[in-house]
Amino acid sequence: MLPALVFLALAAFAAALLWSPHAGRAAALHLILAVGAMPLIFGAMGHFIPVLTRTRSAPSALAILPVLALAGGALVVAALGFPGMLWGQPAGALLAVTAAGALFVWSRRRRAGMLGRPHPCLAWYEAALACLVAALLAILASALWPQQASALRRLHLHLNTLGFVGLTAMGTLAVLLPTVAGRPHPQTGPRLRRDLSWAVAGTLLVALGAAWYGPLAWVGGALWTIPPARLAAGWLRSCRVEIVALHGAAPLLAAALAGLVGSAMLGAVNAIPATATLHSLQPAWAFVAGFILPLVSGAASQLLPVWLRPGVQDGWHVRLRDNLGRYGGARAVLFGIAGGAAGIGREWGLLLGAVTLILFLLQACVALAQALIVRPRSPS
Ligand code: HEM
């Protein structure tokens, strides 16, 4: 299921980027975020939550949740793309909120049933799911409260980007990059525990401030940058060699963190009325090209082998991981340029992001064909 969600997400990203000059901006963004990213995040959480709680793997019935989320995402894309389908917005929100709520409840049950304390990354996932639920309730509320629709849209946007996707990514990156670099970091757990309150408070203040009271958003933005700044400082001390490399997933994961912070800063600059009229800034496109694309392609390079063949890791996994991560450093630079250009409103930035992503998709198909067909599992 997870490898299928990875390829579905990568295909949705590429299709949306190529479609974006012709489609409405909101429809193309939701094809990336609600059809591509949301179901993949649900699938990944279903895989990681048992690891974080040291409990048995997820029951197969849990696979229904990414499917529900996917149906919700598809409905919202249709509703935003075709004016006659307006009912798709509340229907999509209802499906997605049901799936997010169910995943949250399941996570809490796993937490309650485990022995000892869970890994602190679990709290980041639960906070991210709570942000998604609140963001979707904001869309449902705007149907009942149309005079607040514009404020609720801003609430939805920030709770989803900084909250749902941002918190999930920061929790995952903090654990994943040291694993990729082969340098487990003793400070990761305590730092995650310490930083969650800053990230959650920052997200809530930015979202509420952007919706109703601007000055709050500036305070929130300052708080929100503390965790990624500390994370980046830790990485630069311990994993610099792996990050500044031509190959591997580490450069992509580091580029993703830089893209997340960069797009948030662009959003802040865009909120200053004087600068918004000077440039046509596009923080949402910087978020997609500079953050989502390196994040998903980097995480996929590291995790696809274990998702395809869980259990004992052998030479097959190492070879496939090497092939998926080849030229990861060059891809990270190209995604960085694409995100920067898309963020300042240059259409070629999205095209560069799409081409880089399609090249990775082709590389992944060849690597998988070699691993699964040409060189099947050697007898152990
Ligand atoms: C699946 C249920 C969802 C529904 C029903 C929904 C609905 C909406 C609606 C109605 C808007 C306003 C569109 C407009 O201004 O024309 C919007 C905006 C937005 N949503 Fe969602 N959304 C959903 C999921 C998501 C997810 C999962 C994300 C991110 C992870 C997301 C991110 C955004 C962003 C960034 C915007 C601002 C778009 C822009 O600036 O044009 N949404 N959403």
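Before reading further, recall that the structure is shown in the block above.
Thresholds applied
- Residues numbered from 1 in each chain as written.
- Predicted model: local features only at pLDDT ≥ 70, side-chain atom pairs only at ≥ 80, totals over all residues.
- Heavy atoms only, no water.
- Donors = N, O, S within 2.8 Å, 3.2 Å for Na, K, Ca; no water.
- Tetrahedral: all angles 85-135°; square planar, octahedral: opposite > 155°, others 65-115°.
- Helix = DSSP H or I, 4+ residues; strand = E, 2+ residues; numbered from the N terminus.
- Buried < 20%, exposed > 50% of the residue type's maximum accessible area, 1.4 Å probe, protein only.
- Salt bridge = Lys/Arg side-chain N within 4 Å of Asp/Glu carboxyl O.
- Arc of directions from axis to C-beta.
- Contact = heavy atoms within 4.5 Å.
- Core = buried A, V, L, I, M, F, W, Y, C linked by side-chain atoms within 4.5 Å.
- Near = heavy atom within 4 Å.
- Polar contact = N/O pair within 3.5 Å; in protein donor to acceptor, adjacent residues only side chain to side chain.

*Asks:* Looking at this structure, I do not really get the coordination of the iron atom of the ligand. What am I missing?
*Replies:* Ideal geometry at a metal gives 109.5 degrees between four tetrahedral donors and either 90 or 180 degrees between six octahedral ones. Within the protein, the iron atom of the ligand binds to His30 (NE2) and His156 (NE2); these donor distances fall in the range 2.0 Å. Considering all 6 donor atoms around the iron atom of the ligand, the spread of angles at the metal, 88 to 179°, places the coordination shape in the octahedral class. You can see histidine 30 sitting in helix H2 (residues 25–52) and its partner histidine 156 sitting in helix H6 (residues 149–181), a full 126 residues away along the chain. Judged by its relative accessible area of 21%, histidine 30 is partly exposed. Histidine 156 sits in the buried class, given a relative accessible area of 11%.

*Asks:* Any chance you could explain the pattern of salt bridges here in plain terms?
*Replies:* Two side chains of opposite charge can pair, provided their charged atoms sit close to one another. On inspection of all chains with the given rule, the structure shows 4 salt bridges. Here arginine 108 and glutamate 126 are joined by a salt bridge, their closest N and O atoms 2.8 Å apart. Placement of the pair is arginine 108 in helix H4 (residues 88–113) and glutamate 126 in helix H5 (residues 121–144), with a sequence separation of 18 residues. Arginine 230 is the salt-bridge partner of aspartate 195, the closest N and O atoms lying 2.4 Å from each other. Pair noted here: aspartate 195 is in helix H7 (residues 188–212) and arginine 230 is in helix H9 (residues 226–238), with a separation of 35 residues, a long-range link. Owing to a relative accessible area of 3%, aspartate 195 belongs among the buried residues under this scheme. One salt-bridge network, held together by shared partners, links Arg108, Arg111 and Glu126.

*Asks:* Where do I start with helix H8 (residues 214–224) in this structure?
*Replies:* Helical geometry: 3.6 residues make up each α-helical turn, so side chains three or four residues apart lie on a common side. All of the buried residues in H8 are Ala217, Gly220 and Trp224. Mapping the buried residues of H8 onto a view down its axis gives an arc of 65°, with all of them on the same face. On the buried face of H8, the contacting elements are H6, H7, H9 and helix H11 (250–270).

*Asks:* Can you help me understand the nonpolar core in this one?
*Replies:* Side chains of nonpolar character tend, in soluble globular proteins, to be buried together. Membership of the largest hydrophobic core comes to 113 residues, with the highest contact counts inside it found for Phe13, Phe42, Phe164, Trp285 and Phe291. Setting aside residues no more than four positions away along its own chain, tryptophan 285 makes contact with Leu17, Ser20, Arg25, Ala28, Leu29, Ile32, Gly290, Ala342 and Leu350.

*Asks:* Help me out: how do you make sense of the site of the ligand in this one?
*Replies:* Taken together, 21 residues lie around the ligand, and Arg25, His30, Gln89, Arg153 and His156 are the ones closest in. Between the ligand and the protein, one listed contact pairs an oxygen atom with a side-chain N or O atom of arginine 153 at 2.7 Å. Note that a nitrogen atom of the ligand is positioned 3.3 Å from one of the side-chain N or O atoms of asparagine 160. Of all the secondary-structure elements, those providing two or more residues to the shell around the ligand are H2, helix H3 (64–81), H4, H5 and H6. Ranked by the residues each element gives to the shell around the ligand, the list is headed by H2, at 7 residues.

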